[in-house]
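Structural features, examined
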Amino acid sequence: MKKILITAAVLVMSGGAYAGELNLNSTGFGELSPGRFELSGLKIPEPGAGVRTGENSGCYYGVITSKLHLLARTAKSQLYVFADTEPLFREFVDLWTPILERSGLRPTGAAYKDTFGTLDYRSADGLVLRDFMAENLRYNALDPAEVEKVRGELLSGLEKAGLTPVASFSLDNELFRPRTFNIYYLTKPSEDPAHEVRLRQLVNNDGGALDLDLLAGAVRIVREDAPFSLVYIGKELGFHGGWSDTEAGAKIKLAEYKKFLIENGAEFIGAKIIKLDKPYISGDITINYLVNSYFYQ
C-alpha cells in the first residue's frame, strides 16, 4: 500500500542481532514507588499542581536535564535510545526496566552496539508503549502552571480514551523548547503504525483553520491547540489543502484528490470548499475558493 505522507522514519532493530546483551534480572534498582524515584542525578518528583491523573496511580513524573541517554523512544514492542557508551545504556535499562514492569510489560532482552541500544518487552494483554512529544504545542512555556494544565489535559484525554499513561518527563535541556514534556502510554499495536490509536497532533502548515466539525466524528479531540493545530487520539490523520479561482474548479480539484486517495489506499474522511471573503491575487494567480480535505493515512 502506498503512503500519502511520510511523517517519520523509525529505526527498528532486533535485540538478538546485537552484541553486549544485558542481564535484566540484576538492575540494581530495587523496589520502585509510583511517583518518585532517583537515578544517577535524575529526580522524579510528585505530580505537579494542576496535573490530573484520575485513577492512574502508576504514572511516573520526572525531569531529564543532561542525561538524554535516558530519553526513550518507542517502536513496535521495544524502547530504543542512542547512548555514547554501554555504561550509559545500562543506566537507561536500570531506569526503564522497573517502569515497564510496573506497567504490566515484561522486559525480554536488551542489546547495545555502536551507540544504539534497545530494550524489548512483552505484554500479556498485547499492549505496547508509545510516546508523544509536546514540543510543538502552543502554550506559554514561561508559565509553569499553564504547562502543567496542558499536560493534565493530555493525561486526562488518554485516560478517558482507555489508554493508560505510564510516565511523563519534563525535558530541561537546551535542545528542546523550555518546559517541553513528553508522555508515554499504553495502546494496542497495529501492523501499520498509522492505524494505531495514538495521541497525535495535526497541524495545517499553511496556517489556515482546521475544520473541527469534520474531524469530531473521526477522532477523539483532546485539545484545540490553535485554529491550525489539533491534538487528538486516533488513527493518523492527513490533511490536504487545495485552491481554485472558481467553485466549479474547486469541485473538480476535490473529486481528483478523492480519486487519488482511493488509488493510494487511503480512507477519505470529509472535505469542505470555502469561499474567501475577497480574492487572493498574486501575479497571475487568483484564489477565490479553498478546498480542505481530510483522510486517514
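What this report covers is the structure whose coordinates are included nearby.

Rules used throughout
Residues numbered from 1 in each chain as written. Predicted model: local features only at pLDDT ≥ 70, side-chain atom pairs only at ≥ 80, totals over all residues. Heavy atoms only, no water. Helix = DSSP H or I, 4+ residues; strand = E, 2+ residues; numbered from the N terminus. Buried < 20%, exposed > 50% of the residue type's maximum accessible area, 1.4 Å probe, protein only. Contact = heavy atoms within 4.5 Å. Pairing = 2+ DSSP bridges. Axes fitted to C-alpha atoms, helices over the stretch in contact; angles between N-to-C directions. 1 Å grid on protein atoms, 1.4 Å probe; cavity = no way out; pocket = protein on both sides within 12 Å on 5 of 7 lines; lining within 4 Å. Points joined across faces, edges and corners; volume = space filled by probe spheres on them. Nonpolar A, V, L, I, M, F, W, Y, C, P; charged D, E, K, R; others polar. Core = buried A, V, L, I, M, F, W, Y, C linked by side-chain atoms within 4.5 Å. Expected span 1.5 Å × (residues − 1).

Here we take up the overall build of the chain. When you go through the chain residue by residue, the secondary structure sums to four helices and 16 strands. Counting every position in the chain, which comprises 297 residues, the buried fraction comes to 48%. Put simply, 66% of the contacts in the chain that link residues at least 6 apart link residues at least 24 apart.

On to the sheet that holds strand β10 (residues 180-187), then. Spatial ordering of the open sheet is given by β3-β9-β10-β8, a layout of four strands whose pairing is mixed. Where the open sheet ends on each side, the last strands, each with one partner, are β3 (60-64) and β8 (128-133). The average angle at which neighbouring strand axes cross in this sheet is 20°, direction not considered. Here β8 pairs with β10 via six bridges, running antiparallel. Among the inter-strand pairings, L129 is bridged to a residue of β10, identified as L186. Seen against the sheet, helix α1 (residues 86-102) touches β3, β8, β9 (165-171) and β10 and runs at an angle of roughly 145° to β9.

In this structure, the second largest pocket spans a volume of roughly 240 Å³. In terms of lining residues, the second largest pocket is bounded by 13 residues, among which N204, D206, G208, L290 and N292 are the most central. Listed by contribution, the elements that provide at least two residues to the lining of the second largest pocket are β14 (237-244) and β16 (285-296). Partitioning the lining of the second largest pocket into residue classes produces seven nonpolar, five polar and one charged.

Among the nonpolar cores identified, the biggest contains 29 residues, and L79, F89, F92, W96, L129, F169 and Y184 are the most heavily contacted of them. Elements represented by at least two residues in this core include exactly β3, β5 (78-82), α1, β6 (105-113), β7 (116-123), β8, β9 and β10. Broken down by element, this core gets its largest block of residues, seven residues, from α1. With near-sequence residues (within four places) excluded, Y184 lies in contact with L71, A72, T74, W96, L129, R130, D131, T164, P165, V166, A167 and F169. With 20 residues, the next largest nonpolar core counts F132, V150, L163 and I183 among its residues.

The end-to-end C-alpha distance of α1 is 25 Å, a good match for the 24 Å that 17 residues give at a rise of 1.5 Å each. Among all positions in α1, only F89, E91, F92, V93, D94, L95, W96, T97, P98, I99 and L100 are buried. In the stretch just after α1, G104 is the one whose phi turns positive, near 85°.

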